[in-house]
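Read off the chains here:
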Amino acid sequence: MNCSLASLGVALLVVLAGPAVAAPAAKDLFGARTQPAAMASRSIGFYSKGCLAGAVAMPKDGPTWQMTRPSRNRAWGNPAMIALLERLSAEAAEKDGWRGFLIGDIAQPRGGPMSSGHASHQIGLDADVYLTPMPQRRLSDDERDGLDPQSLVDPKTLHVDDSLWRPEHLRLLRRVASAPEVQRVFVHPGIKQKLCQTAGRDRAWLAKVRPTYGHDYHFHIRMFCPAGESACEKQAAVGRDDGCDDLDWWFDVALQPPPPDAPPYKPKPPLTMADLPRACAAVLDAGAGVASAAAMSGPVAIPTQRPSR
């Protein structure tokens, strides 16, 4: 066949076939599932690339916590995370003068990528807790959805507003970071700096407290993979350094406006099912099964993995 005719035939096939159909975004598929998968509870994949089987719901109200943002339906987690939040909220109320937790997002009913707000929170082992204590009364659903928590950081200086900082903040974050199940606690660099300034001699727990963008009105708890959950992908240990000498870059570079000649930010394409562990397809397609923390049978095992010290 003449080469020019062959080339014309290939071009014609491309035109007739039309553009390739893009794979659906995993965030749309997981966001459409309103109930957990009726499977044994386990976290699958990595914190920012995975899913959650057999999720249980954090009860809306407890003696030392209230869930917020009910319209988001992100109160689901690995049973180990639900048990940890209940325990830490009770301990903070009893021993640290913290009235109770106002809890934000944990995960969707089947985990996976979210349509907004988070890159992680995909395997039920991340949870956000506000740096504002629970009020003395029960909030309505409308109040919970409309919450506008107080930031502790002055937007002009990027450091903590001393008029808003309380000793209870230090005690709360120290307790959370000291829990053996907790791998990391993410906070704004200004809050990390304040903790470094006020921690005193007890500083080992500061290695777990990691500065990051945002997180000026809440902190983010990340758990270790629960013991025996082989499908959960572990994150590297944080090491021994308290990180208090490494904050200048955040204030001098990372938190500053980009230079005028900086290239525009290009967001990454959304994750598809092909980007997630293969087991997540079964989680997505499984029948629904509603669970709650109260329905858990037996104690939740405490992970034995800890950061190197």
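Residues numbered from 1 in each chain as written. Predicted model: local features only at pLDDT ≥ 70, side-chain atom pairs only at ≥ 80, totals over all residues. Heavy atoms only, no water.

Going by the annotation in an unreviewed UniProt entry, the name recorded for the chain is Penicillin-insensitive murein endopeptidase, with Aureimonas altamirensis DSM 21988 given as the source organism.

Visitor: Can you break down the overall build of the chain residue by residue, with the values?
Guide: Tallying secondary structure elements over the chain gives eight helices and eleven strands in all. Counting only residues that meet the buried cut, the chain has 45% of its 309 residues in that class. Looking at the chain alone, contacts between residues at least 24 apart form 80% of all its contacts between residues at least 6 apart. With the model as given, the accessible surface of the chain reaches about 15700 Å², and the carbon-plus-sulfur share is 55%. (Helix = DSSP H or I, 4+ residues; strand = E, 2+ residues; numbered from the N terminus. Buried < 20%, exposed > 50% of the residue type's maximum accessible area, 1.4 Å probe, protein only. Contact = heavy atoms within 4.5 Å. Areas by Shrake-Rupley, 256 points an atom, 1.4 Å probe, with all protein chains shown as cover.)

Visitor: So what about the packing of helix H3 (residues 79-95) against helix H5 (residues 167-178)? Which residues, and what values?
Guide: Interhelical geometry of H3 versus H5 gives an angle of 140 degrees and a closest axis separation of 10 Å. For H3 against H5, the interelement crossing comes out right-handed. Contacts between H3 and H5 involve Leu88, Glu91, Ala92 and Lys95 on the former and, on the latter, Leu172, Arg175 and Val176. (Axes fitted to C-alpha atoms, helices over the stretch in contact; angles between N-to-C directions. Left-handed = near helix turned anticlockwise from the far one by under 90°.)

Visitor: Give me the lowdown on unusual backbone geometry, citing residues and values where you can.
Guide: In this structure, arginine 69 takes a positive phi of about 50 degrees despite not being glycine. Residue arginine 69 is classed as buried on the basis of its relative accessible area of 14%. For leucine 158, which is not a glycine, the phi torsion comes out positive at approximately 70 degrees. When you line up the elements, leucine 158 lands in the loop between helix H4 (141-145) and H5.

Visitor: Describe the layout of surface pockets, and please don't skip the residues or the numbers.
Guide: Computed from the structure, the largest pocket encloses a volume of approximately 570 Å³. Lining the largest pocket are 16 residues; nearest its centre among them are Ala119, Lys268, Pro269, Pro270 and Leu271. For the lining of the largest pocket, the per-class residue count stands at eight nonpolar, four polar and four charged. Put simply, the second largest pocket is a space of about 310 Å³. In terms of lining residues, the second largest pocket is bounded by 17 residues, among which Ala119, Ser120, Thr212, His215 and His220 are the most central. Tallying contributions element by element places strand E11 (residues 218-223) first for the lining of the second largest pocket, with three residues. Each residue belonging to the lining of the second largest pocket can be placed in one class, and the counts come to five nonpolar, ten polar and two charged. (1 Å grid on protein atoms, 1.4 Å probe; cavity = no way out; pocket = protein on both sides within 12 Å on 5 of 7 lines; lining within 4 Å. Points joined across faces, edges and corners; volume = space filled by probe spheres on them. Nonpolar A, V, L, I, M, F, W, Y, C, P; charged D, E, K, R; others polar.)

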